[in-house]
Amino acid sequence: MPQLSQKHLLGIKNATRKDLELIFETAAKFKEVINRPIKKVPSLRDITIANIFFENSTRTRLSFELAEKRLSADVINFSSSTSSVKKGETLLDTVNNILAMKVDMVVMRHSSPGAPHFLAKHIDANIVNAGDGTHEHPTQALLDTFSIQQKHGSLEGLKVAIIGDILHSRVAISNILALQRLGAEVMVCGPNTLLPKHITALGVKVELEIRKALEWCNVANILRIQLERQQIKYFPSLREYSLYYGVNKQLLDTLDKEITIMHPGPINRGVEINSDVADSGHSIILEQVENGVAVRMAVLYLLAGGGSS
Ligand code: CP
């Protein structure tokens, strides 16, 4: 039975191309399963998974929970806002208390970069990083690259532009690593203030003009402005950002080609993307969400050792 090279999924940084290909092959099979009338398989029966979220989430939390239930795992959910973290309990004490209830796997989102890596040094359970601060969001990158592969057949030689707030984005970093590992060319585009200073060290192209980025790419992955992570002003106003970096139908209609439009969500309609693009036939935003469940089923199944499906 093929296995992943790591016990945990902490980031794309340490995942091999073989790991990504194995996850995609497995996800394709699970995608068939979740489109059947009976969507459940017994693969993770007797496995208990804790989803511990110290930061807000809609897509990732629900997608993991659904993936776990489709695999017949027992699921417990923890949200820091309604927990004893509010009474001063540490991360390690919180997790150790959850593990004392015989939990096998932990899916964790935390606002501090490196929180799941810290945990991995102290506990035995498999850990999946569901987003750690501005660092990595590996399952988002996996579902994004899987969605591109499903749409375009292969990532080899494909040109992908990641547009928006790259500076505060864990999605951008994980996507860059996954896309390059699978043979795609990557460009980042946004205002200078929202591009990390040393981003070219990752081997990406940098473009400040959105029109040029759109003319270059086959796929545009449009990111949200992460106002909640911004302590200072990086641009004059959302109106101005939208004017210079918002993707709308009028702009796309001036290109002499069609491009695939992606967004990891949550969308700020009318800021980084207009409804006439987000809801258009070129958008695969809801396919990304559908594929997220299959990809997360694959990750959990493979980390658990890939038993019978
Ligand atoms: N894409 C993503 O991580 O969305 P949520 O924050 O809603 O989980």
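Now for a look at the structure at hand. (Residues numbered from 1 in each chain as written. Predicted model: local features only at pLDDT ≥ 70, side-chain atom pairs only at ≥ 80, totals over all residues. Heavy atoms only, no water.)

**A look at the site of the ligand**
Around the ligand, the structure places Ser-57, Thr-58, Arg-59, Thr-60, Arg-109, His-137, Gln-140, Pro-264 and Gly-265. Within the backbone of Thr-58, one N or O atom sits 2.8 Å away from an oxygen atom of the ligand. The backbone of Gly-265 places a nitrogen or oxygen atom 3.2 Å from a nitrogen atom of the ligand. Relative to its unbound accessible area of 250 Å², the ligand is 91% covered by the protein chains. Its residues assigned to classes, the shell around the ligand shows one nonpolar, six polar and two charged. (Near = heavy atom within 4 Å. Polar contact = N/O pair within 3.5 Å; in protein donor to acceptor, adjacent residues only side chain to side chain. Areas by Shrake-Rupley, 256 points an atom, 1.4 Å probe, with all protein chains shown as cover. Nonpolar A, V, L, I, M, F, W, Y, C, P; charged D, E, K, R; others polar.)

**Focus on the nonpolar core**
Ranked by size, the top nonpolar core spans 62 residues in total, and within it Ile-23, Phe-30, Leu-142, Ile-162 and Leu-300 carry the most contacts. Residue contributions to this core reach at least three from each of two domains, namely domain 1 (17-136 + 289-303) and domain 2 (138-284). Within the second largest apolar cluster, 28 residues are counted, among which are Ala-161, Ile-225, Ile-261 and Ala-278. (Core = buried A, V, L, I, M, F, W, Y, C linked by side-chain atoms within 4.5 Å. Buried < 20%, exposed > 50% of the residue type's maximum accessible area, 1.4 Å probe, protein only. Domains from an automatic or database assignment.)

**Comments concerning the pairing of strand E6 (residues 185-189)**
Buried residues dominate E6, accounting for four of its five residues. Where strand E5 (residues 159-163) and E6 come together, five bridges link them in parallel fashion. Looking across to E6, one finds that Val-160 is bridged to Val-186. For the segment spanning E5, helix H6 (residues 170-181) and E6, crossover handedness is right-handed. Note: E6 against strand E7 (residues 205-207), three bridges, orientation parallel. What sits directly across from Met-187, in E7, is Lys-205. (Helix = DSSP H or I, 4+ residues; strand = E, 2+ residues; numbered from the N terminus. Pairing = 2+ DSSP bridges. Right-handed = clockwise from strand over helix to strand, strands pointing away.)

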